[in-house]
Amino acid sequence: MAKIKKDDLVQVIAGRDKGMQGRVLSVDTRRNRVVVEGVQRVKKHVRAGQSSTASGGIETVEAPIHISNVALVHDGKPIRVGYREEEVERDGRKKIVRVRIGRRGGKEIEL
């Protein structure tokens with residue numbers, strides 16, 4: 001289970017875009033990669049399509065970055081993420097739920 005999820009605010013902690021922040025656009029848990037908005041931008045040559053909207057040429061797109069090179073931002077600072085199991089009662093049944101917490105202060109992370 002990835003500790004970084006889609007729409008999280010993250011900061012790049014290693015690489016050429018170190019220090020930049022952005023929202024996570026997608027997460028690939030199989031390859032341990034995330035695509036972050038405005039980070040790791042590369043030029044991509046695109047072939048012109050048959051539709052009138054795709055003109056082709058050179059586009060600038062976000063490339064995937066390894067998940068270990070980003071940290072979740074909470075209260076304006078990058079933090080490490082952990083989990084805590086809590087027992088919740090719904091409809092008279094007890095259920096154990098995993099909740100994301102920040103390792104710095106132990107506070108729960110809400111989206």
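The rules behind these values
Residues numbered from 1 in each chain as written. Predicted model: local features only at pLDDT ≥ 70, side-chain atom pairs only at ≥ 80, totals over all residues. Heavy atoms only, no water. UniProt positions renumbered as here; feature names shortened; annotations may be inferred. Helix = DSSP H or I, 4+ residues; strand = E, 2+ residues; numbered from the N terminus. Rg over C-alpha atoms; globule rule 2.2 N^0.38 Å. Salt bridge = Lys/Arg side-chain N within 4 Å of Asp/Glu carboxyl O. Core = buried A, V, L, I, M, F, W, Y, C linked by side-chain atoms within 4.5 Å. Buried < 20%, exposed > 50% of the residue type's maximum accessible area, 1.4 Å probe, protein only. Contact = heavy atoms within 4.5 Å.

- Looking up the protein in an unreviewed UniProt entry gives the name Large ribosomal subunit protein uL24, with the organism given as Actinotignum urinale.
- Within the UniProt record for the protein, the comment given under Subunit (unreviewed entry) is "Part of the 50S ribosomal subunit."
- The UniProt entry for the protein carries this comment under Sequence similarities (unreviewed entry): "Belongs to the universal ribosomal protein uL24 family."

### Some thoughts on the overall build of the protein
Next, step 1: Helix and strand counts for the protein stand at zero helices and 10 strands.
Next, step 2: Secondary structure elements of the protein occur, N-terminal to C-terminal, as β-β-β-β-β-β-β-β-β-β.
Next, step 3: On C-alpha atoms alone, the protein measures out to a radius of gyration of 18 Å, which is more than a quarter above the 13 Å that the 2.2 N^0.38 rule sets for 111 residues.
Next, step 4: In terms of overall dimensions, the protein has a C-alpha envelope of 60 × 35 × 25 Å along the principal axes.

### Thoughts on the pattern of salt bridges
Side-chain pairing between opposite charges can occur once the charged atoms of the two side chains come close.
Next, step 1: This structure, assessed with the given rule, holds six salt bridges.
Next, step 2: Between Asp28 and Arg31 there is a salt bridge, with the nearest N and O atoms lying 3.8 Å from each other.
Next, step 3: Two residues, Arg41 and Glu62, come together in a salt bridge whose shortest N-O distance is 2.9 Å. Of this pair, Arg41 sits in strand β4 (residues 41–46) while Glu62 sits in strand β5 (residues 57–62), and the two are 21 residues apart along the sequence.

### Considerations on the nonpolar core
Next, step 1: Judged by nonpolar contacts, the single largest core of 15 residues is most densely connected at Ile4, Val10, Val34, Val36, Ile65, Val70 and Leu72.
Next, step 2: Those elements giving two or more residues to this core turn out to be β1 (9–12), β3 (33–36) and β7 (70–74).
Next, step 3: Those residues in contact with Val70 that lie beyond four places of it in its chain are Ile4, Val10, Gln11, Val12, Ile13, Val34, Val36 and Ile65.

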